[in-house]
Amino acid sequence: MMSHRARGARAVVIALTAGSLALTACSKNEGGKSGKDSKKDQKEAAVQSKAVTYADAAGSTGPAKDVPGAKPGGTITVYQEAGLSHLDPGQIYVSDAGQVANLLFRRLTQFQEDDKGDVSVAGDLATDSGKSTDGGKTWTFTLKDGIKDENGNPITSSDVRHSIERTYAKFIFDGPTYLQTWLSGAEYRKALPGGGFDGKHLPASVLDTPDAKTVVFHFDQPRPDLPQTLAMAGYAVVPAKGDTKERYEKKPVATGPYKIAENKAGKILKLVKNTDWDPKTDSVRHQYVDGFTIQFGVTESTQTKRLIADEGDNKNAIQLTNGVEATQIQDVINNPGASKRTVKGYQPYVMCLTFNLDRVKDKKVRQAVTYAVNSKSLIAGEGGAYGGDVAPNYFAPTLPGYEAGYDPYGRLKTPQGNIAKAKEILGGVPAGEKKLVFAYPNSEAGQKRKVAIEDALTKVGFDVVAKEVDSASYYEQIGKLKNPYDIYITGWGQDWPSPGTVVTPIYDGSQVADGSSNYSHVKDPKVDALIKKALTQEPAEAAKTWKEAQHYLLENVIPAAPLWYTKQFQISGSNVGGARYGSVSSLIDINRLFLKSS
C-alpha cells in the first residue's frame with residue numbers, strides 16, 4: 001500500500017493492512033486516525049498480519065457479492081486536501097491515487113475482503129489468482145472473457161505485456177518495482193530501455209504471451225508472493241491502444257466500473273459510470289452510484305466541519321485519505337449521530353523522520369535527532385490516541401515479526417524525547433553539522449508536524465531551516481537523489497504481510513535511484529546481504545533475518561528516527577451506505593459505497 005506516500009505512507013499504496021500502500025506499501029499521504037485503547041488497537045492490528053489466501057476460479061467469478069441494502073443512483077462527493085500524486089497506473093504507489101485506482105483500473109489479480117476482514121487474492125483480469133509450476137518459478141494467468149476498456153476494446157495478453165514493459169521506460173519513475181526487478185534484475189531498465197514502445201519486447205523466456213488469453217511469467221527463483229504483487233495498483237492494465245506515455249496521466253483509459261469525465265489537476269476529478277465494465281467479470285467491485293466528484297483543496301478541518309454538520313450535499317460525501325481533523329475528534333466522538341458515521345482502524349504505516357544520508361553523514365547527528373524527536377507532540381497533532389501510537393522501531397503492529405518491546409532509543413519511556421541524552425551526544429558535533437534543512441508538505445498536517453520537529457530539534461541545539469514543498473508532489477520531490485533537504489517525514493506500510501515489503505523497498509542499496517522509496521539513500525553491504533538472504537528463506541527462517549536487519553539498521557545505520565504508528569479515523573455523510581474500514585486500503589472501503597437515497 002503504497003508509502004503514506006499512503007508509499008508513505010506512500011501508501012499504495014497498496015498497503016495491505018489486513019494485509020496492509022498504499023495501497024498502498026505504500027507511502028502514506030496526509031491524514032490518519034483510530035481508537036483510544038492502544039493495546040486493544042495493537043491486538044486488532046495483529047489480525048492484519050495474517051497471510052492472505054489465494055482464490056480459485058470460483059472465488060474470482062463475478063458479480064461481487066451485493067452489499068446489504070445497496071441501491072443504485074446518485075453521485076458521491078469526495079473531499080481531499082492535496083491533489084493526486086498520479087493517475088498513470090504505472091506511477092501509482094500512494095494511498096490517494098490507490099483509492100481512485102480501485103474505481104478506474106483493473107489488474108491481473110485483486111485483493112478482496114470479506115465481512116470478517118479476511119483478505120484473499122482473486123483473479124481480476126485473470127480467471128483465478130494464478131497457477132504456479134516449476135517450484136513457483138513459473139506463473140501462468142488466463143484472461144477472463146468479455147473484459148473491455150472504456151472504448152470497447154477487448155483486453156488481451158498483449159495489453160498486459162505492454163503494461164508491464166512500459167514500467168521499464170524512464171518516464172515511469174514513481175511506481176512499484178518488484179515485478180521489474182524479479183524479471184530483469186536491479187538494473188532492469190537496461191533490459192528494455194524503450195519500455196516496449198520501440199517494438200522491442202522482453203524475451204518469451206521471461207514474459208510470454210503465447211496467445212491472446214495467456215500470460216506466463218518466468219523467474220529465476222520461486223516468487224510465491226506474485227499474486228499479491230500483481231494486485232498492486234502500480235501493475236494495473238494500460239491498454240496499448242491509447243497509451244500516450246508521459247501524457248497518459250491526464251486521461252488514462254479506464255477498465256474498472258468508472259471512467260474519467262473531467263480532470264482539472266488539483267481542483268476537481270469527475271468520475272462517471274464506465275458502460276463497458278461488465279459486473280459479471282468482477283468479483284470485487286460494484287457500480288452502485290452514478291459517479292464520484294472528487295474536490296481537491298478542501299482542508300481536513302473544513303472536511304470535518306462539513307461532515308459533522310451533515311447538511312445538503314455533505315450528506316452524500318466522504319473523505320478520500322484525510323481523516324477527522326485532530327482538534328475536532330472529540331466533537332465527533334461526543335456526537336452520537338456523527339460518531340456512528342465513522343470508520344476507524346490501525347494502518348500499516350510507520351512514520352519516520354528520515355535522514356538524507358548523502359547530506360547527514362555524521363552518525364552522532366542522526367543519534368541525537370533520534371533521541372530528541374517528540375513523538376508525543378506529533379501524535380497530539382494527529383489526534384492523540386485516535387491518530388497514532390509511539391513507534392519505538394521500524395516495524396508496525398500490522399507486520400509479521402513486530403516486536404512491541406524493541407525500543408533501543410527509549411521512545412516508549414520518553415515519547416516527548418530524551419533532550420538530555422540528545423544534548424550529550426550533540427556536544428562533540430561541529431557547529432556546521434547542526435544545521436538541518438527540513439522539507440515538509442504545505443498541508444494542515446504538514447504545518448503541525450513542522451512545528452513539532454522544529455521545537456524538538458531547536459531545544460537540543462540544532463538550527464532547523466524549514467522548506468515548504470507542494471503536498472501533491474511531496475514524495476516526488478524528496479524522492480529525487482539530489483534533493484536539497486537533510487531531513488523529511490516519510491511513512492511506509494507493507495505491500496502485503498511480509499517484512500520484505502518494508503525492508504527491501506526502503507533500505508535496499510540497489511533501490512537508491514530517482515523516484516525510489518529508499519529516501520535515506522542507504523547503501524550498506526550488510527543490509528543488502530541480509531535482504532538477499534531473507535528473500536531466499538522460508539518464512540520462519542526469514543523472520544529471524546528480517547529481525548536482524550531491522551536491529552542493525554536502527555542501531556548502527558540509523559537511516560531514520562521512528563516517530564509514530566498511524567491510525568485512521570474517517571467520517572462520511574449520513575446518506576452514504578456501505579461504509580466500512582477497508583483493511584486492504586487502510587481507509588474507507590471505496591469499492592462498496594452507495595447512497596441510501598438518490
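Residues numbered from 1 in each chain as written. Predicted model: local features only at pLDDT ≥ 70, side-chain atom pairs only at ≥ 80, totals over all residues. Heavy atoms only, no water.

Enquirer: Just to check I follow, could you spell out the overall build of the chain for this structure?
Expert: Counting its secondary structure elements, the chain contains 16 helices and 22 strands. Taking 25 Å as the expected radius of gyration for a compact globule of 598 residues, we find that the chain reaches 22 Å, a close match to that expectation. For the C-alpha atoms alone, the extent of the chain along its principal axes is close to 70 × 55 × 40 Å. Buried residues in the chain amount to 63% of all 598 residues. In the form shown here, the chain has an accessible surface area of approximately 21,100 Å², with 51% of it arising from carbon and sulfur atoms. In the chain, 74 positive and 68 negative side-chain charges are present, and the distance between their average locations comes to 3 Å. (Helix = DSSP H or I, 4+ residues; strand = E, 2+ residues; numbered from the N terminus. Rg over C-alpha atoms; globule rule 2.2 N^0.38 Å. Buried < 20%, exposed > 50% of the residue type's maximum accessible area, 1.4 Å probe, protein only. Areas by Shrake-Rupley, 256 points an atom, 1.4 Å probe, with all protein chains shown as cover. Lys, Arg positive; Asp, Glu negative; His and termini not counted. Charge placed at Lys NZ, Arg CZ, Asp CG, Glu CD.)

Enquirer: Would you explain the packing of aromatic side chains in this entry?
Expert: Aromatic rings considered in pairs are described by the distance between their centres and by the relative angle of their planes. For the coordinates displayed, the defined rule picks out 19 aromatic pairs. Consider the rings of Phe141 and Phe217, whose centres lie 5.9 Å apart with planes at 85 degrees: the pair is edge-to-face. Placement of Phe141 in strand β6 (residues 138-142) and of Phe217 in strand β8 (residues 214-218) is noted, with a sequence separation of 76 residues between them. Look at Phe141 and you get buried, because its relative accessible area is 0%. (Phe/Tyr/Trp six-rings, centres within 6.5 Å; stacked < 30°, edge-to-face > 60°.)

Enquirer: Got a minute to help me understand helix α3 (residues 157-165) in this structure?
Expert: Each turn of an α-helix holds 3.6 residues, which means side chains three or four residues apart point in the same direction. In terms of burial, α3 is largely enclosed, as seven of its nine residues are buried. Regarding α3, the residues found buried are Ser157, Asp159, Val160, His162, Ser163, Ile164 and Glu165. Residues of α3 that are buried in the fold lie against α4 (178-184), β7 (207-211) and β8. (Contact = heavy atoms within 4.5 Å.)

Enquirer: What is the right way to read the sheet that holds strand β2 (residues 75-80) from this model?
Expert: Sheet strands associate in pairs through backbone hydrogen bonding, adopting either a parallel or an antiparallel arrangement. Ordered in space as β9-β10-β11-β2-β12, the five strands form an open sheet in which the pairing is mixed. Where the open sheet ends on each side, the last strands, each with one partner, are β9 (258-264) and β12 (317-319). Going across the sheet, the axis of each strand differs from the next one's by a mean of 20 degrees, ignoring polarity. Sheet analysis places β9 next to strand β10 (residues 268-273), joined by six bridges and oriented antiparallel. Of the residues in β10, the one forming a bridge with Glu262 is Lys270. (Pairing = 2+ DSSP bridges. Axes fitted to C-alpha atoms, helices over the stretch in contact; angles between N-to-C directions.)

Enquirer: Any chance you could explain the sheet that holds strand β16 (residues 463-469) here in plain terms?
Expert: Pairing is mixed in the open sheet, where six strands are placed in the order β14-β18-β13-β17-β15-β16. For this open sheet the edge positions go to β14 (388-390) and β16, each flanked by a neighbour on one side alone. Adjacent strand axes in the sheet meet at a mean angle of 30 degrees, parallel and antiparallel pairs treated alike. One ladder, built from seven bridges, connects strand β15 (residues 435-441) with β16; its direction is parallel. Bridge pairing in β16 links Tyr440 to Glu468. Sitting on the sheet, helix α9 (residues 363-372) is in contact with β13 (342-355), β15 and β18 (560-571), with an inclination near 150 degrees to β13.

Enquirer: When you look at the pairing of β2 in this model, what are you seeing that I'm missing?
Expert: Looking down a regular strand, the side chains alternate between one sheet face and the other. Most of β2 sits out of view: five of its six residues are buried. Bridging between β2 and strand β11 (residues 291-296) involves six bridges; their strand directions are parallel. Looking at the pairing, Gln80 lines up with Phe296 of β11. Sheet topology note: the β2/β12 ladder contains three bridges and is parallel. By the bridge assignment, Val78 is partnered in β12 with Ile318.

Enquirer: What is the right way to look at the nonpolar core in this model?
Expert: For soluble globular proteins, the rule of thumb is that nonpolar side chains tend to be buried together. Counting 102 residues, the largest nonpolar core has Phe217, Leu353, Leu457 and Phe462 as its most contacted members. When near neighbours in sequence (up to four residues on either side) are disregarded, Phe462 contacts Val365, Ala368, Val369, Leu426, Glu433, Lys434, Leu436 and Leu457. Listed in part, the 31 residues of the second largest apolar core include Leu84, Ile92, Val343 and Ile590. (Core = buried A, V, L, I, M, F, W, Y, C linked by side-chain atoms within 4.5 Å.)

Enquirer: Is there a simple way to explain the pattern of salt bridges in this structure?
Expert: Two side chains that carry opposite charge are able to pair once their charged atoms sit near each other. Tallied over the entire structure, the rule returns 26 salt bridges. The shortest N-O distance in the salt bridge between Lys65 and Asp115 comes to 4.0 Å. Here the residue Lys65 occupies a position in the loop between β1 (53-54) and β2, and Asp115 occupies one in the loop between β3 (109-113) and β4 (119-123), the gap between them amounting to 50 residues. Residue Lys65 shares its accessibility class with Asp115, and that shared class is exposed. Between Lys264 and Glu262 there is a salt bridge whose closest N-O contact spans 3.5 Å. Its relative accessible area of 47% is what places Lys264 among the partly exposed residues. One salt-bridge network, held together by shared partners, links Lys65, Asp115, Arg580 and Asp589. (Salt bridge = Lys/Arg side-chain N within 4 Å of Asp/Glu carboxyl O.)

Enquirer: I'm lost on the environment of Ser510 in this one. Help?
Expert: Note that Ser510 resides in the loop between α14 (500-507) and α15 (525-535). What makes Ser510 partly exposed here is its relative accessible area of 41%. Remark: the alpha-carbon pair of Ser510 and Asp524, spanning 14 residues in sequence, is separated by 9.9 Å.

Enquirer: I would appreciate a short explanation of the packing of α14 against helix α16 (residues 539-557) in the present structure.
Expert: Orientation of α14 relative to α16, taken along the N-to-C sense of each, is 40 degrees, at an axis distance of 10 Å. As the angle between them shows, α14 and α16 are arranged oblique. Between α14 and α16 the crossing geometry is left-handed. Only Trp546, Ala549 and Leu553 of α16 make contact with α14, whose side of the interface consists of Gly500, Val503, Thr504 and Tyr507. Among the residues forming the contact of α14 with α16, the class breakdown is five nonpolar, two polar and no charged. (Parallel < 35°, antiparallel > 145°, perpendicular 65-115°, else oblique. Left-handed = near helix turned anticlockwise from the far one by under 90°. Nonpolar A, V, L, I, M, F, W, Y, C, P; charged D, E, K, R; others polar.)

Enquirer: Would you mind going over helix α2 (residues 95-104) with me for this structure?
Expert: Here α2 lies mainly inside the structure; 10 of its 10 residues are buried. Along α2, the positions that sit buried rather than exposed are Ser95, Asp96, Ala97, Gly98, Gln99, Val100, Ala101, Asn102, Leu103 and Leu104.

Enquirer: What exactly am I supposed to notice about the environment of Ala452 here?
Expert: Mapped onto the fold, Ala452 is located in helix α12 (residues 444-459). Residues Ala452 and Leu226, spaced 226 residues apart in sequence, show a C-alpha to C-alpha distance of 40 Å.

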